[in-house]
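# Geometric and topological summary
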Amino acid sequence: MSRNLRNLLLSIRDLLVSAGPLAILGVALVIGAYWWLKPTPPKTVTLATGPSQSAYEEFGKRYQQALKAEDIEVKLVESEGSSANLQLLRDGKVDLAFVQGGTGELQPDDSENLVSLGSLFVEPIWLFYRADAARKLTRSERLDGLHQLRGMRVNVGSPGSGLPKLMERLLDANHIELKELTFSELSQTPATVAFLNGELDAIVFASAPESLMVQMLLQTPDVQLMSFAQNEAYSRRFPFLTPVTLPRGVVDLAKNIPPRDVRLVASTTSLLAREDTHPALLTLFAQNAQTIHGKAGWFNRAREFPGTLHSELPIAKEADRAINEPTPVMQRYLPFWIANLIDRMWLVMGLLIAVMLPLSRIVPPLYQFRVRSRVFRWYGKLREIEDEMESGDFDGKELLMQLDRLDSQVEKISVPLSYAEELYALRNHIQLVRKRVTHRSAQTHAKADAPAPSVSA
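Residue positions are given per chain, counting from 1 as you read along its sequence in written order. Selection of residues for local features in this predicted model requires a pLDDT of at least 70, selection of side-chain atom pairs for listing and counting requires 80 or more, and totals for whole chains, interfaces and linings are taken over all residues. To get the side-chain values, take all heavy atoms of the structure and skip hydrogens and water.

## Examining the overall build of the protein
Scanning the protein for helices and strands turns up 16 helices and 10 strands. Burial status across the protein gives 45% buried among its 457 residues. The contact definition used throughout considers only heavy atoms, calling two residues in contact when any of these lie within 4.5 Å. In the protein, of all internal contacts separated by at least 6 residues, the share reaching a separation of at least 24 is 76%. Only the protein chains shown count as cover for residues, and all accessible areas are computed by the Shrake-Rupley method using a 1.4 Å probe. For the protein, the exposed surface amounts to about 25200 Å²; the carbon and sulfur share of it is 55%. Helix and strand assignments come from DSSP, with helices taken as H or I runs of at least 4 residues and strands as E runs of at least 2, each series counted from the N terminus. Buried, partly exposed and exposed residues are distinguished by accessible area as a fraction of the type maximum, computed with a 1.4 Å probe on protein chains only: under 20%, between the cut-offs, and over 50%, respectively.

In C-alpha cells:
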C-alpha cells in the first residue's frame, strides 16, 4: 500500500472516529422523529359508505379509485346508512364515513374524537309516490305536502340510515301520527322492488342525485316526485335542512323530466373522520374531494362544494388547508409522499440542525487532537530519555540506542500534510536530544580519562 493511500485512509479513519458519535446521534434523532411523527400514511384505510347502489357507495368507489393512484387501498364498508356510519366511527371500526346532517344526535365527546373534512354535497329528501295511489286517496295525482300521506303505505328507509328518525320529526311537525299511515323501514333495494310491485304507495330516500335508485325512479312512468311546497318553512323550523329546487328538465331535457320545477328540502352530507386518523390521509381525502364534489350538479354550481363554513364538528386543519388554500408548491412538482414527508419533517429537521450545528464545532478540535496525539505521545518517551540524561548517572550508549529505536518508530508515523510540521518538529527534537546525549557522554568519558592531579611532598 502506498504511503499516500495509507495517509488518506488514516485521515478518513480519524475523521470518522471524530465525527462518528455526532453522526450517530443525528441519525438516531432523525429516526426517533420519524417514528414519532409517522409522516408516511398507512397503506390501508376504511371508509363507511352506505347501502348497496346508494350515492354513498358510488362516491366511495370514486375515492377508492383516486387514492389507488397514491398506492393506498380504500376498503369500503357497507352499512345501513348515515346513522350507522356515525356509530361505526365512534366504535373505531372505520377511519372515515359519510354522515348526513340531522340524521343522528351528536354526543358530547364527538367533538373531541371526530373531525370533519367539510361538507361534500346536499342530500334532498326524495319522496316518490305512485300516481294511482295518490288518485285513490286524495283524488289528485300530485302531492305537495306530507299531510297528504295519511292512509298510505310508506317506507322511510332502514333504521341505520337515520331517515326514519328524521321523517318522524317532519311528520310530527305536520301533526301526523305514525298510526295514521302504514309505516315500514325496509332498506333501499327491497323497498324499491316492493314499491314498483305496488306493495307500497310511497317510498322515501335521503340521497344525492347520483344514487342509481333515484335516477331510475325519476324516469319511471306513473311514479311521481312530491314537491315540498313549504320547503322554505321547513328550513326555518329545522336548521339542518336547506331549501333546494330540482329544475325542470334537469334529469332529461329531451323528455322534459321533471315536467316542472320541484321544491325539495335537503340536508348536507359531510365526510367525517376519527381524530387519530393519519394527517396525510385527511389531506388526500380533502384534496380529492375537490375533484369528486367540486363540479356543478343538480343543486349546486361548480366549486360550491366541498365547503367548511357550516359544520357540526370541528374542521380538520388538513381539510381546511386543502380546501381553502392553494395547493402547496411542493405538491405541484413532487409526488405526494415526498411532499408530505418534507412537509411533516421540515420543522423537526430545522430543530435538529439548530441543535447539531453547535455540537458539530467539537469535531474539528477532536480531529486535530487525534492526529496530533499520534505525534505528541512520543514526546513522553523523549522526555524520559532527557530526564535520565540530566540525572548524570546514565549509560550514553543505552540512551543512544533508545533514541535510535524512537527515531525508527517515529518514521512509521503517518499524518496528513497539514500536520507534517509537528512530525518534523519531533524528529528535530530527537536529533537535538541525540546531540546533547552525545555531548554529555563525551564530557563524562573525558573526565574519566583525565590523569589525577599529583600530590607535593
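## Quick word on the packing of aromatic side chains
Side-chain rings of Phe, Tyr and Trp, where Trp is taken by its six-membered ring, are said to pair if the distance between their centres is within 6.5 Å; with planes under 30 degrees apart they count as stacked, over 60 as edge-to-face, and otherwise as tilted. Counting across every chain of the model gives 10 aromatic pairs. Their ring planes at 45° and their centres at 6.1 Å tell us that tyrosine 63 and phenylalanine 98 sit as a pair that is tilted. You can see tyrosine 63 sitting in helix α2 (residues 55-68) and its partner phenylalanine 98 sitting in strand β3 (residues 96-100), a full 35 residues away along the chain. Judged by relative accessible area, tyrosine 63 falls into the buried class, the value being 0%. A residue is classified by how much of its surface remains accessible, and phenylalanine 98, at 0% relative accessible area, is buried. Grouping aromatic residues by their ring pairs yields a cluster made of Tyr56, Phe59, Tyr63, Phe98, Phe121 and Phe285.

## Looking at a nonpolar patch on the surface
For patches, a residue must show more than 30% relative accessible area and have no salt bridge; joins then use 9 Å for like charges and 5 Å for nonpolar side chains, namely Val, Leu, Ile, Met, Phe, Trp and Tyr. A pair is scored as a salt bridge if a Lys or Arg side-chain nitrogen falls within 4 Å of a carboxyl oxygen belonging to Asp or Glu. Together, Leu25, Val355 and Leu359 give the surface a local cluster of nonpolar side chains, amounting to about 220 Å² of exposed area. Note on valine 355: relative accessible area 47%, which makes it partly exposed.

## Quick word on the pattern of salt bridges
On inspection of all chains with the given rule, the structure shows 17 salt bridges. Across the salt bridge formed by aspartate 71 and lysine 43, the nearest N and O atoms sit 3.7 Å from each other. Here the residue aspartate 71 occupies a position in the loop between α2 and β2 (73-77), and lysine 43 occupies one in the loop between α1 (3-37) and β1 (44-48), the gap between them amounting to 28 residues. Exposure remark for aspartate 71: the relative accessible area of 54% places this residue in the exposed category. Ionic pairing is found between arginine 405 and glutamate 398, a salt bridge with its closest N-O pair at 3.9 Å.

## Some remarks on the pairing of β2
Relative to β2, β1 runs parallel, the two being bridged by 5 bridges. Of the residues in β2, the one forming a bridge with valine 45 is valine 74. Between the parallel elements β1 and β2, the chain passes through α2 in a crossover that is right-handed. DSSP-based pairing: two strands are paired if at least 2 bridges between them are found. Seen with its strands pointing away from the viewer, a crossover is right-handed if its path from the first strand over the helix to the second goes clockwise.

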